[in-house]
Structure formats: C-alpha cells, structure tokens
Amino acid sequence: MKLKQLESLLGSLEQFSTPKIELEQYPTGAHIASRMLYTAENSFEDVNSKVVADFGCGCGTLGLAAGLLGAESVIGLDIDAESLEIAYANANELELDMDFIQCDIKNLKWRGQIVETVVMNPPFGTRRKGADMDFLSSAMKVASQAVYSLHKTTTREHVKRAALRDYNARSAEVICELRYDVPQLYKFHKKKEVDIAVDLWRFVPQRKQERSL
C-alpha cells in the first residue's frame, strides 16, 4: 500500500467527539499515523505478518494502520470504553479484524514478550507527570521486536536515558522529528491550533536471554 493511500484511509476514521482532558485525549492525525506505520514497515519490517499492539489506542488509528499494512493480528488497549467503541466502529468501516481490551496500561498484567511490535501515541504527561514513561515502561516489557512511540522533542534526553538505563532497551533511536497539530479541543486552549515538535522513536527491547546475562 502506498503512503498516500494509507493516509487517505486513516483520514476517513471517526475521532473523539467529547475528548477527556484527564486522559490527555488528542486524535492521532492521519499524516503522523501513516508515516509512523509506513516507516515501521518499509524501513524496519516491523508490521507485516507481525502481532502488533496499540497502547492507548483511542479511536484505533495506529492499530488500524498496522492492519492495513498487513499485520498478522492487532490488539488495541485503552482505559476508555467510549474510545474503544469508536475504534471498533472504525475497524468495521475498514473491514479489518482488531481485538480490543479495556485496561489501564500502567497496570497491564501481561507477562513476557507476547507481541512483536508496540505502537503508541502516549499521553505527553502534561496533565499527569510521567504518564508517557509509564506507557513506555509497559511497552518495553511485552514487545519482542520494537516499540514505536511519540514523545515531545523537549524530553528527548530524558526519554533516551530512561529507555536505556531503566527499561531494558537495547537501542533507542529518534527516527524523525514531526510536527503534531493539537486542535482546539478543550476550553483552556486559547489558539485554534498549536504545533508541537515531537520525536518518533524506535526502541529495540533486549531479548529475554540478554536480560538474564
């Protein structure tokens, strides 16, 4: 599938109608989502025929992008039931099979590297400090091949240090810097739209045998 086609399909998906600020719900735009997953597949072969999990999936954009690019199976996880309903409807619209689990990522009970790739656009941690790193910590425990995640560029050094020192990353690489368009969704937003610089990261977890050495 070509990048333009992927972006067009993702652009047709339903997004949050009443986003919840306490969960830092912002839609992952088709522009960023398509490039994120297209890069994961075409540069690293981390999507096609792989088991992919979308952490904090919201309306399912990243997970459905993985499905469109040929993932073997896709699991979307989110704490918010309303978001999962939208994601389920989006999957039906695209005629894709995607499993959904309602849970708090921070308290995920999965054990071992049971998916190959995790993709996520975690909360940036502006409402609850450290929320993005909770997501990263959980993702690094369950992915065997790679974790793709968006984090504010201003946190780059902190993210890299934590990934390598605390979360058993074998490597932590910024693939590219993107502009994240935050639309005027909440009352406290003064501007119609704000651009935030974000990094697209690729983390490679240590394999089980490496952890035990």
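Rules and cut-offs
Residues numbered from 1 in each chain as written. Predicted model: local features only at pLDDT ≥ 70, side-chain atom pairs only at ≥ 80, totals over all residues. Heavy atoms only, no water. Helix = DSSP H or I, 4+ residues; strand = E, 2+ residues; numbered from the N terminus. Buried < 20%, exposed > 50% of the residue type's maximum accessible area, 1.4 Å probe, protein only. Areas by Shrake-Rupley, 256 points an atom, 1.4 Å probe, with all protein chains shown as cover. Core = buried A, V, L, I, M, F, W, Y, C linked by side-chain atoms within 4.5 Å. Contact = heavy atoms within 4.5 Å. pLDDT = per-residue confidence, 0-100. Phe/Tyr/Trp six-rings, centres within 6.5 Å; stacked < 30°, edge-to-face > 60°. Polar contact = N/O pair within 3.5 Å; in protein donor to acceptor, adjacent residues only side chain to side chain.

Enquirer: Could you give an account of the overall build of the protein chain, with specific residues and numbers?
Expert: Assigned secondary structure in the protein chain consists of 7 helices and 7 strands. In the protein chain, the succession of helices and strands from N to C terminus is α-α-β-α-β-α-β-β-α-β-α-β-β-α. Residue burial in the protein chain is summarised as follows: out of 213 residues, 51% are buried. Per element, the accessible surface of the protein chain, about 10,700 Å² overall, is 46% carbon and sulfur.

Enquirer: Please set out the nonpolar core residue by residue, giving values where relevant.
Expert: Counting residues in each nonpolar core, the largest one holds 32 residues, and the members touching the most others are L10, M36, L37, V47, L64, A66 and L150. Counting only elements with at least two residues in this core, the list comes to α1 (3-11), α2 (30-42), α3 (61-68), β5 (143-152), β6 (169-183) and β7 (193-205). Ranked by the residues each element gives to this core, the list is headed by α2, at 6 residues. Those residues within four positions of L64 in sequence are excluded, and the remaining contacts are L13, C59, A87, N90, A91, L94, L96 and M98. Within the second largest apolar cluster, 28 residues are counted, among which are C103, V115, V159 and W201.

Enquirer: Residues and numbers for the confidence of the model for the protein chain, please.
Expert: When pLDDT is averaged across the protein chain, the result is 87; 84% of the residues are at 70 or more. Between residues 184-189, whose pLDDT stays under 50, and residues either more than four places distant or in other chains, the model counts 20 contacts.

Enquirer: Describe the packing of aromatic side chains, and please don't skip the residues or the numbers.
Expert: Enumeration according to the criterion identifies 4 aromatic pairs in this entry. Between the aromatic rings of W201 and F203, the centroid separation amounts to 5.2 Å while the plane-to-plane angle is 5 degrees, which identifies the pairing as stacked. In this structure, W201 and F203 share a single accessibility class: buried.

Enquirer: Could you give an account of the side chain of S138, naming the residues involved and the relevant values?
Expert: Its place among the elements puts S138 in helix α5 (residues 131-142). A distance of 3.1 Å separates a polar atom in the side chain of S138 from the backbone oxygen of I105.

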